[in-house]
Amino acid sequence: MSPYLCHIDPDCLRFEARVVARRPDGVLLDRSFFYPGGGGQLADRGTLAWEGGGSVRIDRIEMQGANAWHCFDTADAGRVPDDRVVVDVDADFRFLMSQLHTGLHLLNALVYQRFEGSLVTGVQMAADGTARIDFDLPAADNNALRALEPALNDLIADGRPVKALYLDAAALAREPGVLRSRSVAPPSQADGTTRIIEIEGLDRQACGGTHLSNTAQSAPLRILKIENKGQHNRRIRIGLVS
Ligand SMILES: [Zn+2]
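This structure is a prediction, so every number in the text was calculated from the model and none was measured. (Residues numbered from 1 in each chain as written. Predicted model: local features only at pLDDT ≥ 70, side-chain atom pairs only at ≥ 80, totals over all residues. Heavy atoms only, no water.)

Caption draft 1: Representation of the overall build of the protein. When helices and strands are counted, the protein shows five helices and 14 strands. For the protein, whose C-alpha radius of gyration is 19 Å, the value lies close to the compact-globule estimate of 18 Å for 242 residues. Expressed as lengths along the three principal axes of its C-alpha atoms, the size of the protein is roughly 60 × 40 × 35 Å. Here the protein holds 242 residues, and 47% of them are scored as buried. A fraction of 68% describes how many contacts in the protein between residues 6 or more apart in sequence connect residues 24 or more apart. (Helix = DSSP H or I, 4+ residues; strand = E, 2+ residues; numbered from the N terminus. Rg over C-alpha atoms; globule rule 2.2 N^0.38 Å. Buried < 20%, exposed > 50% of the residue type's maximum accessible area, 1.4 Å probe, protein only. Contact = heavy atoms within 4.5 Å.)

Structure follows, in structure tokens:
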């Protein structure tokens, strides 16, 4: 896959673009800094505006191959001009997703380190400030998992830098622990490298989402619920303290 522009410049939340294709409920742009969704993270939302004062709300991204359709209500069909537009990424929503995503890395790191390299079997973040992550943890005591909450918040308060780097296939083979999903391999970049998110002094794992640049930017997290999902899976639900 080509690198997402939101990976190259995650702070770019307003950009100009040109409409290159259209359908009743969306447009393709010649470039976009929207996160298109994936890996359990919801796609960015935002607005698309044009000269003369018109605008539409982009409420979802629909991927068609490598093309990201920026979708709006069909009532707005025909309003978007075939011209240059100014696009705003919803900063609050991006921040919410980035907090949840970074928090899931912290929790994943703690589980991986303290429960014998347990791997992830599923992840989903939600717009209400909660997220769930499933681990292959057949023998874990739920109270021991619940007891991770103070350590999770200590890591947030530590203010650890979070950064992205890229490993080639040889480097990836030397560090298999960065692949945390039991079944899904992260997509490699066009140059064959894999994107890794490093939380300084704590953890490195392959990931294609958006994250904070420092853990201290996050609100505290609560462990809301732990459920047994089948024989192997343990589901941990977390929520941001608002
Ligand atoms: Zn991530």
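Caption draft 2: Spotlight on the nonpolar core. In terms of nonpolar packing, the biggest core is built from 36 residues, with Leu107, Val111, Leu145, Leu148, Ile236 and Ile238 touching the most fellow members. Those elements that provide at least two residues to this core are helix H2 (91–114), strand S8 (120–125), strand S9 (130–136), helix H4 (149–157), strand S11 (194–199), strand S13 (221–229) and strand S14 (233–240). The greatest single-element share of this core, amounting to ten residues, is contributed by H2. If near-sequence neighbours (up to four positions away) are discounted, Leu148 is found in contact with Leu107, Leu110, Val111, Arg114, Phe115 and Ile223. Formed by 19 residues, the second largest nonpolar core is a distinct cluster that contains Leu29, Ala43, Val56 and Val85. (Core = buried A, V, L, I, M, F, W, Y, C linked by side-chain atoms within 4.5 Å.)

Caption draft 3: Just the sheet that holds strand S2 (residues 26–29), in detail. Strand order in this open sheet of seven strands is S4-S3-S7-S1-S2-S6-S5, and the pairing throughout is antiparallel. What marks the edges here is a single partner per strand, and that holds for strand S4 (55–58) and strand S5 (60–64). Neighbour-to-neighbour, the strand axes of the sheet open up by a mean angle of 40°, direction not taken into account. Bridge analysis of strand S1 (residues 14–23) against strand S7 (residues 84–89) gives five bridges, and the strand direction is antiparallel. Bridge pairing links Ala17 to Val85 in S7. (Pairing = 2+ DSSP bridges. Axes fitted to C-alpha atoms, helices over the stretch in contact; angles between N-to-C directions.)

Caption draft 4: Here's a closer look at the coordination of the zinc ion. Distances from the zinc ion to its protein donors, His101 (NE2), His105 (NE2), Cys207 (SG) and His211 (NE2), fall at 2.0 to 2.2 Å. Coordination at the zinc ion is tetrahedral, judged from the four donor atoms that bind it and the angles of 93 to 122° they form at the metal. As a motif over one chain, the donors of the zinc ion read H-x3-H-x101-C-x3-H. Taken together, the residues His105 in helix H2 and His211 in the loop between strand S12 (203–206) and S13 connect sequence positions 106 residues apart. Of the two residues examined, His105 and His211, each falls in the buried class. (Donors = N, O, S within 2.8 Å, 3.2 Å for Na, K, Ca; no water. Tetrahedral: all angles 85-135°; square planar, octahedral: opposite > 155°, others 65-115°.)

Caption draft 5: Structural view of the sheet that holds S12. What the three strands build is an open sheet, ordered S10-S11-S12; its pairing is antiparallel. Because the sheet does not close on itself, it has two edges, and the strands there are strand S10 (162–167) and S12. Strand-to-strand twist of the sheet, defined as the mean angle between neighbouring strand axes without regard to direction, takes the value 30°. Of the strand pairs in this sheet, S10 and S11 are connected by six bridges, and their pairing is antiparallel. Considered in S11, the bridge of Lys163 is made with Glu198. On the sheet, H2 packs against S10, S11 and S12 and is oriented at approximately 115° with respect to S12.

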